[in-house]
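Notes for the structure review
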Amino acid sequence: MGRIVLVIRLALRDLRRRRTEVALLLIAILAATTTLTLGLVLRDAAGDPYRSTRAATKGPDVIANVGRAGDLAELGKLATASGVTEHSGPYPVIAAKLEASGRTSDVQVVGRDAAVAAVDQPAVRQGSWVSDGGVVLEAAFADSLDVGVGDAVALDGRSYKVAGVAVTAAMPPYPGASCIVSAGCVNGAVPDDRNLPAGLLYRPGLAWLTQTDLLSLAPGRSALSYVMNLKLADPDQAQAFVDRNRGDHGRPVPMQTWETVLADATDLARDSQILLLLGAWLLGLLAVASLSVLVGGRMADQTRRVGLLKAVGGTPGLVAAVLLAEYLLVAVVAAAAGLTIGALAAPLLTESSAGLVGGAGTAALTWSTIGLVTAVALGVAVVTTAVPAVRGARSSTVSALADAARPPHRTGWLIALSTRLPVPLLLALRVAARRPRRAALGVASIAVTVSGIYVLLVLNTFLGDQPDTGAYTEAQVAVLRHVLLVWTVILLSLAAVNATVITWATVLDNRHASALARALGATPRGVTVALAAAQVLPALLGAVLGVFPGGFLLFAAINAITGGDSGRATLPAPWQLVALVLSTVLVVAALTSVPAHLGGRRPVTATL
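Each value, and the rule that gives it
- Residues numbered from 1 in each chain as written.
- Predicted model: local features only at pLDDT ≥ 70, side-chain atom pairs only at ≥ 80, totals over all residues.
- Heavy atoms only, no water.
- Helix = DSSP H or I, 4+ residues; strand = E, 2+ residues; numbered from the N terminus.
- Contact = heavy atoms within 4.5 Å.
- Areas by Shrake-Rupley, 256 points an atom, 1.4 Å probe, with all protein chains shown as cover.
- Salt bridge = Lys/Arg side-chain N within 4 Å of Asp/Glu carboxyl O.
- Buried < 20%, exposed > 50% of the residue type's maximum accessible area, 1.4 Å probe, protein only.
- Patch = residues over 30% accessible without salt bridge, like charges linked within 9 Å, V, L, I, M, F, W, Y side chains within 5 Å.
- Disulfide = S-S within 2.5 Å.
- Arc of directions from axis to C-beta.
- Core = buried A, V, L, I, M, F, W, Y, C linked by side-chain atoms within 4.5 Å.

**Comments concerning the overall build of the protein**
On a plain count of helices and strands, the protein comes out with 21 helices and 12 strands. The long-range share in the protein, meaning contacts at least 24 apart out of those at least 6 apart in sequence, stands at 81%. Of the roughly 27100 Å² that the protein leaves accessible, carbon and sulfur atoms contribute 62%.

The structure is reproduced here in structure tokens:
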């Protein structure tokens, strides 16, 4: 027990002494854990409004429909099937054209009773429920048409007054409505070169009339379809009920469970979730690169401290435990903060639909979510820290106390090439060559960042075209743009932290070599330029690799996961890619100039 307390005390004391580095470490892990939490809890948070609507409207557990009067007997069997406690309907349904505000839209019209139903009683948000001569519109559909109570609309040429606006849990909000008419429906984008079959409804809305008004509007009994709502003793067994009661004679009765309606109602959150999870893994890779460099720099800066710990009796195991504990403590704090921020921020990235009651609340954190996010944070810390910590703990006590300069690896061709360059570039090339693995991490970090930006450019252009194609509404596009904005800000912030951390680690690692170069005649400005240029060269290579093949491969992976069609996407123009590469190099140069300037002006005598 005393050993554990000692390790924690030493680790906390060291963390307090290096607050800037701890803050950078915390930001690196926090970015990944927050985005991962958002991706894991977003869809569950987006389901809160549907669950509220379901409670407010006596939502059904199963919705069944048939396309002709001859199949009404099948619905009668379902009403008395095992497990059914209540039902409403069957109600007649017709397909119609609704004209309002100068627009014509397809609509599914359901004939309902004025009396309150035992199952699926739509909640009226404005006005009143159905009455003779009045039509009630589904709230999201009415919102898209900019129609309110008292406005005049026409159904198949017949005029009605809007009596009310209501919400229901028996169908997803417009434009994702389920199809309950025999004519068939299609939602989403339709290619310009394809014509819809005659009679097929395109993105239909939902409306309710009295049964008397609906029967008078229908052209004949053959045009009627029927829908019935079922309440089960155990709602969680809805899919099992559907599987048991498919219908006879090879003609299954179309049925939809409440879980399916929930999935359709949160379909936009699914797309947002995919984007966030992909962003989380990209940020995880950046966090690994950042921590690897930060740990390497910290180990170089703590060489003498390791020697002191061993000189006063600390075993290699104790020294390694102290070094590892510092990063594990930060990882635990980052995981807790990421879970909290992600749960609180999730409602901000969900769609606020007029067709549902209420909005998304703070996401509930399950033990699986907490465990996964914590495991990722600890895993990142262990993967990046374990090897350097063990290597440092096993170093010689005498050499650690001496803290001598690390002898450079000499490569003949590199020396021959660098001798022909100006002094700042000569020093930059040799600085980069001293730590090839760090240079590789810098290349990888920039490549991951540029790959993410490449995909963001593609998705931003894609979303700009969606309101015209019908795949997403303008409100849904706005939600997805918010998700992309979060991804962009976190990605760029962590990339900036990476560039700063890599430069500072390079400054620490080359403090003796830089001081020696200045003692031999190099100017502080030349050393500063050399340290900054040592990061710009890997940044240039990383930016090029991030565009191709990195960006192409990441975009292909997203299409493979989502089942998207890459042929419909507009790829960035060549001038945009060139601008992206040049901008990346300039930004890296600007970010690295400050730590390089500080490192290039350290006193020579104190360093040597």
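On we go from here.
**Some details on the pattern of salt bridges**
One side chain can pair with another of opposite charge once the charged atoms of both are near each other. The full count for this structure, using the stated rule, is four salt bridges. Here Lys 97 and Asp 106 are joined by a salt bridge, their closest N and O atoms 2.5 Å apart. Looking at Asp 106, the relative accessible area reads 7%, which means it is buried. With its nearest N and O atoms 3.3 Å apart, the salt bridge here joins Asp 120 to Arg 112. Just as Asp 120 is buried, Arg 112 falls in that class too.

**Some words on a nonpolar patch on the surface**
A contiguous nonpolar surface patch, about 250 Å² in accessible area, is contributed by Ile 4, Ile 8 and Leu 12. Tracing the chain through its elements places Ile 8 in helix α1 (residues 2-17).

**A look at the state of the cysteines**
A disulfide bridge is the covalent bond that connects two cysteines by way of their sulfur atoms. The full count for this structure, using the stated rule, is one disulfide. Paired through a disulfide, Cys 179 and Cys 185 show a sulfur-sulfur distance of 2.2 Å. Measuring handedness by torsion sign, the sulfur bridge of Cys 179 and Cys 185 sits at about 70 degrees and is right-handed.

**Some words on the side chain of Thr 34**
Within the element layout of this structure, Thr 34 appears in helix α2 (residues 19-46). Residue class for Thr 34 comes out buried when judged on its relative accessible area of 9%. For Thr 34, the contacting residues outside a window of four places in its chain are Gly 338, Ile 341 and Gly 342.

**Notes on helix α3 (residues 48-56)**
Buried within α3 are the following residues: Pro 49, Tyr 50, Thr 53 and Arg 54. Buried residues of α3, seen end-on, are gathered within an arc of 140 degrees and therefore sit on one face of the element. After α3 finishes, the residue Lys 58 shows a positive phi value of roughly 55 degrees.

**Comments concerning unusual backbone geometry**
Omega for the bond connecting Phe 548 with Pro 549 falls within 30 degrees of zero, at 10 degrees, which places this linkage in the cis form. Phi at Lys 58 is positive, roughly 55 degrees, even though this residue is not glycine. Residue placement: Lys 58 occurs in the loop between α3 and β1 (62-66). If you check the backbone angles, Asp 156 has positive phi at about 50 degrees while not being a glycine. Tracing the sequence through the fold places Asp 156 in the loop between β6 (152-155) and β7 (158-167). Judged by its relative accessible area of 40%, Asp 156 is partly exposed.

**Description of the nonpolar core**
Core analysis: the biggest nonpolar cluster contains 69 residues, and Leu 78, Val 135, Leu 137, Leu 155 and Phe 241 have the highest contact counts within it. By residue number, the principal contributor to this core is strand β2 (residues 84-100), which donates seven residues. In this view, Leu 155 contacts Lys 97, Leu 98, Val 107, Val 109, Val 135, Tyr 160, Leu 209 and Leu 217; residues no more than four positions away in its chain are not counted. Counting residues in each nonpolar core, the second largest holds 68 residues, with Leu 25, Val 293, Leu 491 and Phe 555 among its members.

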